[in-house]
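Structural description and commentary
Residue-level listing of the chains:
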Amino acid sequence: MTNGRRNSGGLVYSTAQGRMCPGCSQPIAKCICRQVNLKPSSDGYARIRLETKGRKGKGVTVISGLPLDSDEFLAFGKELKQRCGSGGTVKDGQIEVQGDHRELIAGELTKRGWKFKFSG
């Protein structure tokens, strides 16, 4: 009898291995999920937009559609955050930079030879 619970199962911690990845059930140090290249499908244009919805009125510049694999994506996100002098995150195939930095990011993309569009 399941008592109305779903069996989410899966090992999350092992005393011998430490933390375990919920996706591939391997130790975090040997996780194969991160090795998968997450190159998003793109039409050749990066999209730059300013989001404020759900952020209590604070603006966040979001860049999506970049033709990079996961490692390059993380490095480029870090570089953009440093260039803009603000915080942010890289998740779900998007780079989020706190604040309105659309023009500065557009200049960085142009320097690298990437085409972009402002959206939203």
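Here we summarise the structure given alongside this text. (Residues numbered from 1 in each chain as written. Predicted model: local features only at pLDDT ≥ 70, side-chain atom pairs only at ≥ 80, totals over all residues. Heavy atoms only, no water.)

Tallying secondary structure elements over the chain gives two helices and seven strands in all. Counting from the amino terminus, helix and strand elements in the chain follow one another as β-β-β-β-α-β-β-α-β. Across the chain, contacts joining residues at least 24 apart in sequence account for 47% of those joining residues at least 6 apart. For the chain, the exposed surface amounts to about 8600 Å²; the carbon and sulfur share of it is 48%. (Helix = DSSP H or I, 4+ residues; strand = E, 2+ residues; numbered from the N terminus. Contact = heavy atoms within 4.5 Å. Areas by Shrake-Rupley, 256 points an atom, 1.4 Å probe, with all protein chains shown as cover.)

What follows is about helix α1 (residues 70-84). Spanning 15 residues, α1 covers 21 Å between terminal C-alpha atoms, matching the ideal 21 Å at 1.5 Å per step. Buried within α1 are the following residues: S70, F73, F76, G77, L80 and C84. Burial along α1 is one-sided: seen end-on, the buried residues are contained in an arc of 120°. The exposed set on the far side of α1, more than 90 degrees from its buried face, consists of D71, K78 and Q82. Looking at the buried side of α1, the elements it contacts are β4 (60-64), β5 (88-91), β6 (94-98) and α2 (102-111). (Expected span 1.5 Å × (residues − 1). Buried < 20%, exposed > 50% of the residue type's maximum accessible area, 1.4 Å probe, protein only. Arc of directions from axis to C-beta.)

This next bit is on α2. When we look at burial in α2, the residues that qualify are I105, A106, E108 and L109. Taken end-on, α2 shows its buried residues confined to a sector of 160°, consistent with a single buried face. Exposed positions of α2 whose direction lies more than 90 degrees from the buried face are E103 and K111. At its buried positions, α2 is contacted by β3 (45-51), β4, α1, β6 and β7 (115-118). The first or second residue beyond α2 is G113, which carries a positive phi of 85°.

A separate point is the packing of aromatic side chains. Per the stated rule, a full pass over the model turns up two aromatic pairs. A ring pair is formed by F76 and W114, whose centres lie 5.3 Å apart and whose planes are at 85°; its orientation type is edge-to-face. With F76 in helix α1 and W114 in the loop between α2 and β7, this pair connects stretches of sequence that are 38 residues apart. Judged by centre distance (5.5 Å) and plane angle (80°), the ring pair of F116 and F118 falls under edge-to-face. Residue F116 is classed as partly exposed on the basis of its relative accessible area of 24%. The cationic tip of K115 hangs over the ring face of Y45; the distance from NZ or CZ to the ring centre is 4.9 Å. Its guanidinium or amino end placed over the ring of Y45, K117 lies 4.5 Å from that ring's centre, counting from NZ or CZ. (Phe/Tyr/Trp six-rings, centres within 6.5 Å; stacked < 30°, edge-to-face > 60°. Lys NZ or Arg CZ within 6 Å of the ring centre and 35° of its normal.)

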